[in-house]
Amino acid sequence: MPVPPMTPPPMDLEPALAFSAYAQRAFTAEPALRGEIDAMLARRFDWTAATRVLDAVVASGDAPSLARALRRLRRRAFLHTLARDLTGRAPFEEVVATMSTLAEVALRAAVDLHMRLLAATHGTPIGAESGTPQSLNVIGMGKLGGGELNVSSDIDLVFAYPEEGETRGPKPVSNREFFDRLGRRVISTLADVDRDGYVFRVDMRLRPYGDSGPLTVSFSALEQYLVTQGRTWERYAWLKARALTGDRRGELAALVAPFVYRKYLDFDAYEGLRGIHRQIRGQERRRDYADDIKLGPGGIREIEFVVQALQIVRGGRDPALRLRGTLPALAALAERRLLAPHAVEVLEQGYRFLRTLEHRLQYRDDRQTQRLPDDASERARLAVTMGFDDVRGFEAALAAHRSGVLRQFAAVFDIPGETAQAPRDAYAALWEDPQASDEVLAWLAGEGFDDPASLVASLRNLRDGRRYLQLPALSRDRFDRLVPQLLAVAVAQRSPGTPPTAVVSRLIALLEAISGRSAYLALLTEHPPLLPRLAQLMGASAWAADYLTRRPLLLDELLDARVLLAAPDWNAWRQELARLLDASAADAEASMDALRHFQHAQTFRLLAQDLSGQMTVERLADHLSALADTILDATLGGCWKLLQGAKAPPPRFAIVGYGKLGGKELGYASDLDLVFLYQADPESPADEGAQERYARLAQRINTWLTSATAAGRLYETDLRLRPDGAAGLLVSSLAAFERYQREQAWTWEHQALTRARFVAGDAAIGAAFESIRDDVLCMQRDAAKLAADVVDMRAKMAQGHANATSGFDLKHDRGGMVDIEFVVQYLVLAHAHRHRELTRNAGNIALLSIAAEAGLLPTDVASAAADAYREYRRLQHQIRLTGAPHARVDAPPQSARRAAVDALWEHALGPRPDRLEFALRKRGDGRHVDG
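From a predicted model like this one, the values you see are computed outputs, not experimental measurements.

Student: Just to check I follow, could you spell out the overall build of the chain for this structure?
Tutor: Within the chain, the secondary structure is distributed over 41 helices and 14 strands. Reported as C-alpha extents along the three principal axes, the dimensions of the chain are approximately 110 × 85 × 65 Å. Counting all 931 residues of the chain, 55% fall into the buried class. For the chain, the proportion of contacts with a sequence separation of at least 24, taken over those separated by at least 6, is 74%.

Here it is, written out as structure tokens:
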């Protein structure tokens, strides 16, 4: 079915005004209003002129005059909004903004005037602690707080003041009494009904303790209430809270935020959210809610509830989600892919349609109603204002929107039914009493467990262990529900090469690691579809299982397979990281944690795609290298801001990556080989002390990268490839780096330069480095001396990586990856002066092809070596995913590839000299083996 329209077509002004009985009464009572509306129709409401009038009334101190002025202002704003809305001149955002602004303007005027009048009698309230004047914070809740008030809405308010104390004046009273009186006067000014009507109905029931509580509360009393008495539904109420008047608003926001948003992903909130969800469902089943577009099924409240629930769960980790308006919050959720694009579209269009319909229901007679009229002629009029020719079309569109909203609401909150993978009662019984009887062992073997006795013993040890026995009751209940489910999915999600008992062992290790955090247990119990994905990942790789167990925050990434397995979008990821760092820009520790959370999350997504077979090793290395580039650039920027200030000009500083980072062959656990460069003008006063300043920057960058925080660490780094190695300066000027490379660098340093590239920082310095690199690599060299140097370095490396096993070390043994890399480096250094294309940082496989095209190698030799290198990398990657410390395989199956690498070596460098042969053949225990 096509999506119904969100925005009705415009009406002519006459039928638009005729639709509203309230408008007709207003024009009859005050005929001049009609001309005023006509004159103002083309432009938005003029708040500048309106507030100027109110300011004059407030200055006069005339309370009755203010009440009259506010009621007339409300009438004009309502009629102006009605006319612009129904004639298609005002979008939805303007309608709700106008009514919200009206409430804010009215509240400020009422507070200002009556504060003056009360202070004239009692004096100014003074805080007992600070000794400073106190003011009333009128807190807008609900739609007023979100800036999305409907046209006939009441307003939900809470009154608070910073400190207890007493007024200083002719008739002193306590601050509490003063602000109670002020609050009552403000309510009366807005809500009392006279011949001019009213401004807003005021609802104070959201204050602490509701109707039975005091009208006003101090900040400390409010905080105490939220901490000790605040309930789940109140977190929703306070999510949109916004102080509209008063001082110390930041202090107020700071005490409310921890109540609404927990520090971490708050999956514990789901328990309370389900209670509210059941209440909503219960109300919806009542027949009198069927025609209520707010409270009924698929209504406005369900949309708001979905959005706010996701904000509450995730807003503690991501401050950018702490938005008060429904549509801005929905957009933020969409941007972070926390809702599927189709779900976002359904909710946004449903919200706009239903809120627009709500306004038309209220325009009719200025009543706060969300119920569809029973009268057929009234429904027909309503359908016309919504852009439909007949009631049938209108009702079909309304039903389509409500059913779409209902489906999304159910997707977020309905408890899933039993599935084919749900644990059977036998698994629960086994966990209740893990006994290794013959019957139980036979049953487990029949289920597919490879080592039933070991499984039962591990369950018994787990159940009798101190960690489990000391769990709080709620956590233990969740733990007890999870273990049988994990046993079931371990068998159902069989992983090639990993027996179910090993999968259970990994899952239990994770469960034990997270048992102290009830939110993680809640995440698993609240999202049963997550468990098969978890078992599949844990079974696919021991390294992945360990990575997740040490970083359980990443469990959240498994919730949405579409996001988890989506192709990397580095522009979007850079923007996401920038937002995270902006939120913590002034806090070094928070910034370091944000970087770690981001890096871990993106690494985990790449890992999931890798294990699902979506990526080649080469493509994965490209993405891991791009991730490191992004982290380095963000780290550089964050460190510079903290050292020099947010407004400091960008540093003339660059980071160069060597080794695997430079060659874009980074693995999951690779170190970063880094060199820091800067450029400074010695004649410029601004560049005085550049060496020291940039050395501090480099040291800070290295600290951010390598320090272990509560969120872990980013990378290990190696800075020894800088000029003069560990004995050299931490940072080098561009000129000093070039001079060193041309005049002092060893051959092995030029070998390293073949795999170097600019990765972060000043682009001009990066381009200058790339130019220096190309020129150095293209220097003409003595081929014989170069070959001898390369062979010597290969012998030294071989001695440092002796292999004492009969297996073949894919990287370090003769005929392995290092041999290929050394040959490629030799070819670049020996021939780039004649074949500049060899300076491309294109990777070893591509450079072998370039060398063959240049006639430096036979094509078949280059191709065979490239195939060997590709296969070695694939095997190496597979082995590392098992968690093995060395990438070693059976030697015989690799004989042909090793022979191809030997042929490459001989074509490029000639026969291996005795010293290299000895080093490559020497075992770690001093004996000799073949190959």
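Student: Just to check I follow, could you spell out the packing of helix α15 (residues 341-365) against helix α16 (residues 376-385) for this structure?
Tutor: Any two packed helices are characterised by the angle at which their axes cross and by the distance between the axes. Relative to each other, α15 and α16 sit at 125 degrees, their axes nearing to 10 Å. When the interaxial angle is binned, α15 and α16 end up oblique. The handedness of the crossing between α15 and α16 comes out as right-handed. Only E378, R381, L382 and T385 of α16 make contact with α15, whose side of the interface consists of L357, R360, L361 and R364. For the contact of α15 with α16, the per-class residue count stands at 3 nonpolar, 1 polar and 4 charged.

Student: Help me out: how do you make sense of the side chain of R722 in this one?
Tutor: Summarising the element assignment, R722 is placed in the loop between β10 (717-718) and β11 (731-733). Engagement of the side chain of R722 in a polar contact is seen with the backbone oxygen of A726, the distance being 3.1 Å. A polar side-chain atom of R722 sits 3.2 Å from the main-chain carbonyl oxygen of G728. For R722, the residues in contact, after removing those within four places along its chain, are V675, G728, L729, L730 and E749.

Student: I tried to follow the pattern of salt bridges on my own but got confused; where do I start?
Tutor: Where side chains of opposite charge bring their charged atoms close, a pairing between them can arise. Scanning the entire structure with this criterion turns up 56 salt bridges. For R71, the salt bridge is made with D194, and the minimal N-O distance between the two is 3.6 Å. Residue R71 is located in helix α5 (residues 63-86), and its partner D194 is located in the loop between α8 (175-191) and β5 (202-203); the two are separated by 123 residues in the primary sequence. Taking relative accessible area as the criterion, D194 reaches 35% and is therefore assigned partly exposed. Each member of the salt-bridge network shares a partner with another, and the members are R794, R814, D819, D902 and R912.

Student: Can you help me understand the confidence of the model for the chain in this one?
Tutor: Per-residue confidence for the chain gives a mean pLDDT of 89; residues scoring 70 or more make up 93%. Scored below 50 in pLDDT, residues 922-931 shows 19 contacts in the model against residues more than four places distant or in partner chains.

Student: What is the right way to look at the pairing of strand β8 (residues 653-658) in this model?
Tutor: Put simply, side chains in a regular strand alternate between the two faces of the sheet. A large share of β8 lies buried, amounting to 6 of its 6 residues. As paired elements, β8 and strand β9 (residues 672-678) share 6 bridges and run antiparallel to each other. In the sheet register, F653 faces β9, and the bridge partner there is Y678. Alignment of β8 against strand β12 (residues 757-761), held across 4 bridges, turns out to be antiparallel. Bridged to I655 within β12 is A760.

Student: Hey, could you run me through the packing of aromatic side chains in this one?
Tutor: The description of two aromatic rings rests on the distance between their centres and on the angle between their planes. A full pass over the atoms with the stated rule returns 23 aromatic pairs. Measuring from ring centre to ring centre gives 5.1 Å for W543 and Y547, while their planes differ by 20 degrees; the resulting arrangement is stacked. Taken as a pair, W543 and Y547 lie in helix α26 (residues 542-550) at a separation of 4 residues, close to a single helical turn. With relative accessibility at 16%, the residue W543 sits in the buried group. Ring geometry for F737 versus F769: centroids 5.8 Å apart, planes at 50 degrees, classification tilted. With F737 in helix α33 (residues 734-743) and F769 in helix α35 (residues 763-777), the pair connects residues that are 32 residues apart, well separated along the chain. You'll find F737 and F769 in the same group, each marked buried. A connected cluster of aromatic rings, assembled from ring pairs, spans W640, F653, F676, Y678 and Y694. Positioned above the aromatic ring of Y198, the side-chain terminus of R74 is 5.4 Å from the ring centre. Residue placement shows R551 over the ring face of Y547; its charged tip is 3.9 Å from the ring centre.

Student: What is the right way to look at α15 in this model?
Tutor: Residue pairs three or four apart in sequence face the same way in an α-helix, which turns once every 3.6 residues. Between its first and last C-alpha, α15 extends 37 Å over 25 residues, near the 36 Å set by a 1.5 Å rise per residue. In terms of burial, α15 is a largely internal element, 20 of the 25 residues being buried. Once α15 ends, the next one or two residues include D366, with phi positive near 50 degrees.

Student: I would appreciate a short explanation of the nonpolar core in the present structure.
Tutor: One recurring pattern in soluble globular proteins is that nonpolar side chains are buried together. Counting 123 residues, the largest nonpolar core has L79, L107, I155, W238, L357 and F394 as its most contacted members. When neighbours within four sequence positions are excluded, L107 is seen to be in contact with V138, L144, I155, L157, V186, L190, L244 and T245. In this structure, V503, Y520, L531 and Y694 belong to the second largest nonpolar core, which totals 98 residues.

Student: Which parts of the structure should I look at to understand the environment of T326?
Tutor: Structurally, T326 can be placed in helix α14 (residues 326-335). Look at T326 and you get buried, because its relative accessible area is 3%. Engagement of the side chain of T326 in a polar contact is seen with the side chain of K240, the distance being 3.1 Å.

Student: Teacher, can you tell me more about the pairing of strand β2 (residues 137-140) here?
Tutor: The two faces of β2 match: N137 and I139 on one face and V138 and G140 on the other face are all buried. Bridge count between β2 and strand β3 (residues 155-161): 4 bridges; the pairing is antiparallel. Residue pairing for β3: I139 is matched across the bridge by V158. Pairing geometry for β2 and strand β7 (residues 242-243), over 2 bridges, is antiparallel. Paired with G140 across the bridge in β7 is R242.

Student: For this particular structure, what's the right way to read unusual backbone geometry?
Tutor: The bulk of non-glycine residues show a negative phi, and the bulk of peptide bonds are trans. A positive phi angle, near 60 degrees, is found at R337, a position not held by glycine. On the secondary structure map, R337 appears in the loop between α14 and α15. You can call R337 partly exposed: its relative accessible area is 29%. The backbone phi angle of D724 is positive, close to 65 degrees, even though this residue is not glycine. Inspection of the secondary structure assignment puts D724 in the loop between β10 and β11. Residue classification places D724 among the partly exposed positions, given a relative accessible area of 45%.

Student: So what exactly am I meant to see when it comes to the environment of R34 here?
Tutor: Mapped onto the fold, R34 is located in helix α3 (residues 32-40). Its relative accessible area of 22% is what places R34 among the partly exposed residues. Sequence-distant contacts of R34, that is, excluding residues within four places in its chain, are made with L13, E14, L17 and F27. At 2.4 Å, the side chain of R34 and the side chain of E14 are in polar contact.

Student: I keep staring at the environment of C639 and nothing clicks. Help me out?
Tutor: With respect to the secondary-structure elements, C639 resides in helix α30 (residues 617-644). Judged by its relative accessible area of 0%, C639 is buried. Taking C-alpha positions, C639 is 41 Å from E94, a pair spaced 545 residues apart along the chain.

Student: Is there a simple way to think about helix α29 (residues 588-611) in this case?
Tutor: The terminal C-alpha atoms of α29 lie 34 Å apart, and with 24 residues this matches the ideal 34 Å at 1.5 Å per residue to within 8%. Burial analysis of α29 places 19 of its 24 residues in the buried class, which makes it a mostly covered element. Between a side-chain oxygen at the N-terminus of α29 and the backbone nitrogen of E589 the separation is 3.1 Å; the capping residue is D587. At the exit of α29 stands G613, carrying a positive phi of roughly 85 degrees.

Conventions used here
- Residues numbered from 1 in each chain as written.
- Predicted model: local features only at pLDDT ≥ 70, side-chain atom pairs only at ≥ 80, totals over all residues.
- Heavy atoms only, no water.
- Helix = DSSP H or I, 4+ residues; strand = E, 2+ residues; numbered from the N terminus.
- Buried < 20%, exposed > 50% of the residue type's maximum accessible area, 1.4 Å probe, protein only.
- Contact = heavy atoms within 4.5 Å.
- Axes fitted to C-alpha atoms, helices over the stretch in contact; angles between N-to-C directions.
- Parallel < 35°, antiparallel > 145°, perpendicular 65-115°, else oblique.
- Left-handed = near helix turned anticlockwise from the far one by under 90°.
- Nonpolar A, V, L, I, M, F, W, Y, C, P; charged D, E, K, R; others polar.
- Polar contact = N/O pair within 3.5 Å; in protein donor to acceptor, adjacent residues only side chain to side chain.
- Salt bridge = Lys/Arg side-chain N within 4 Å of Asp/Glu carboxyl O.
- pLDDT = per-residue confidence, 0-100.
- Pairing = 2+ DSSP bridges.
- Phe/Tyr/Trp six-rings, centres within 6.5 Å; stacked < 30°, edge-to-face > 60°.
- Lys NZ or Arg CZ within 6 Å of the ring centre and 35° of its normal.
- Expected span 1.5 Å × (residues − 1).
- Core = buried A, V, L, I, M, F, W, Y, C linked by side-chain atoms within 4.5 Å.

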